[in-house]
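For reference, the chains in residue letters:
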Amino acid sequence: MPSSSPPKVFRTPAAFSELAGDKQFATTLARGLVLLGCFTERAPYLSNRELSDLTGLPKATISRLTYTLLQMGYLRVNQRLQKYQLGTAVLTVGYPLVTSMTWRQLARPLMDDLARESRGTVSLWLRDRLSMTAVEVSRHRGSFLAQRLDIGFSMPIVASSSGRAYMAACGPRDRGHLVNEVRVKQPALWAEYRGVTEAALQEYPVKSYCMSRGDLRKDLSVVAVPLARTWHHEIIVATCAVQSHLLRGNALEDDIAPKLLALARKLEAAFDDPMQFY
């Protein structure tokens, strides 16, 4: 049984070796972005030494990077802990992307309704390299995920129902390339989740959705549905996560899955006729 809390996957400088001969690749910039990626909801405060341990970069390099990012507002110092944390400039960078996703406003009322009916959390996800990132979230106030899952939350593709639904929606060639990339770059995750992933891909043509139990927590059941319509040629995945003890019998498949499928179909239609929601 896969572990209930998959680790955050960082792209460390060691992974840059494949781009070593690319003269267009700016290694210093990449290192700074990797450093920013080390800050997570589980590790919001980090010292230079901790950043060095996470990235494998020399402490002197880390010091120059953190100094530069601090001056530009992408990092700030927590005076109590004397450690770095993300600065508000990070939000400024992400804001234009979030506001460009106008379909989020169309989806929100539908998501709110399903979150209330299911007493769970409904989310929309996009792929970021080998992870899936939440771009819109609607929570029932009693949901376990109410305090944890928010816009920007990320999970590895093979270790999440959203990721497996994404893979199912890919064409055979793209899916094959993605599987090979995971095998090479995330061998431990692939070994742990290969069986679950392959089973989900086999079931998807019949069910039109993927399910999981325990990706985020053992007592958590999730349904994931990819949308046929895409945003900027990217596949959007909708999920509904509910605490398992709130489900009776086969409610996940008999009740939650059909409602999430209906939400996905309505959102797909909105790409063709947005005015139907007004």
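Here's what I pulled together on the structure shown here. What you see is a predicted model; the values in this text were computed from it and never measured. (Residues numbered from 1 in each chain as written. Predicted model: local features only at pLDDT ≥ 70, side-chain atom pairs only at ≥ 80, totals over all residues. Heavy atoms only, no water.)

The next subject is the overall build of the protein chain. For the protein chain, the helix and strand inventory stands at nine helices and eight strands. In the protein chain, the share of contacts with a sequence separation of at least 24, taken over all contacts with a separation of at least 6, comes to 58%. Total accessible area on the protein chain stands at roughly 14800 Å², and carbon and sulfur atoms take up 53% of it. (Helix = DSSP H or I, 4+ residues; strand = E, 2+ residues; numbered from the N terminus. Contact = heavy atoms within 4.5 Å. Areas by Shrake-Rupley, 256 points an atom, 1.4 Å probe, with all protein chains shown as cover.)

The subject of this paragraph is the nonpolar core. When a protein is soluble and globular, its nonpolar side chains tend to lie buried together. In this structure, L124 and V223 are the most contacted members of the largest nonpolar core, which totals 32 residues. Residue contributions to this core peak at ten residues, all from helix α9 (residues 251-272). Apart from residues no more than four positions distant in its own chain, V223 is found in contact with Y209, C210, M211, A238, T239, C240, L252, I256, A257 and L260. Judged by nonpolar contacts, the second largest core, of 28 residues, contains F153, A165, V179 and W190. (Core = buried A, V, L, I, M, F, W, Y, C linked by side-chain atoms within 4.5 Å. Buried < 20%, exposed > 50% of the residue type's maximum accessible area, 1.4 Å probe, protein only.)

The subject of this paragraph is unusual backbone geometry. The backbone of Q82 sits at a positive phi, close to 55°, despite the residue not being glycine. Considering the arrangement of structural elements, one finds Q82 in the loop between β1 (75-78) and β2 (83-86). A positive phi angle is found at R119, which is not glycine, with a value near 60°. As for its position among the elements, R119 is in the loop between α5 (103-118) and β3 (121-128). On the basis of relative accessibility, which here comes to 41%, the residue R119 falls in the partly exposed class.

With that settled, the discussion passes to the pairing of β2. With four bridges joining them, β1 and β2 adopt antiparallel strand pairing. Considered in β2, the bridge of V77 is made with Y84. Two successive antiparallel strands, β1 and β2, enclose a turn made up of four residues, where Q82 displays a positive phi of approximately 55°. (Pairing = 2+ DSSP bridges.)

Here helix α8 (residues 187-207) is 21 residues long and its end C-alpha atoms lie 28 Å apart, about the 30 Å a rise of 1.5 Å per residue gives. The sharpest bend along α8 measures roughly 60° and falls at Y193. Those residues of α8 lying buried are L189, W190, Y193, T197, A200 and Y204. Where α8 ends, the next residue or the one after it, S208, has phi of about 70°, a positive value. (Expected span 1.5 Å × (residues − 1). Bend = angle between axes of the 7 residues up to and from the residue.)

Moving on, we come to the environment of L247. Note that L247 resides in the loop between β8 (234-243) and α9. The buried category is assigned to L247, whose relative accessible area is 17%. For the pair L247 and L220, spaced 27 residues apart in the sequence, the C-alpha separation amounts to 10.0 Å. If we skip the residues at most four places from it in the chain, L247 touches S221, V242, L252 and I256.

Two numbers describe how helix α6 (residues 161-169) lies on helix α7 (residues 172-185): the axes approach to 8 Å, and their chain directions differ by 140°. Looking at the two axes, α6 sits oblique to α7. On α7, the residues touching Y166, M167 and A168 of α6 are R175, L178 and V179. Here the contact of α6 with α7 is composed, by residue class, of five nonpolar, no polar and one charged. (Axes fitted to C-alpha atoms, helices over the stretch in contact; angles between N-to-C directions. Parallel < 35°, antiparallel > 145°, perpendicular 65-115°, else oblique. Nonpolar A, V, L, I, M, F, W, Y, C, P; charged D, E, K, R; others polar.)

Let us now look at the side chain of T197. By the secondary structure assignment, T197 is in helix α8. Accessibility expressed as a relative area gives 0% for T197, which makes it buried. Each residue touching T197, except ones within four places of it in the same chain, is listed here: V158, R164, M167 and W190.

Time to look at the packing of aromatic side chains. One pass over the full model with this rule turns up one aromatic pair. Pairing W125 with F153 gives two aromatic rings, centres 6.5 Å apart and planes at 75°, and the pair type is edge-to-face. Of this pair, W125 sits in strand β3 while F153 sits in the loop between β4 (131-139) and β5 (154-156), and the two are 28 residues apart along the sequence. The pair W125 / F153 is uniform in exposure class, with both members buried. (Phe/Tyr/Trp six-rings, centres within 6.5 Å; stacked < 30°, edge-to-face > 60°.)

The next point concerns the pattern of salt bridges. The tally for this structure, following the rule as stated, stands at 15 salt bridges. Two residues, D128 and R129, come together in a salt bridge whose shortest N-O distance is 3.1 Å. Where K259 meets D255, a salt bridge forms, and the shortest distance between an N and an O atom there is 3.2 Å. Placement of the pair is K259 and D255 together in helix α9, with a separation of four residues, close to one helical turn. With a relative accessible area of 31%, K259 lands in the partly exposed category. Here the salt bridges do not stand alone but share partners, grouping R104, R108, D112 and E136 into one network. (Salt bridge = Lys/Arg side-chain N within 4 Å of Asp/Glu carboxyl O.)

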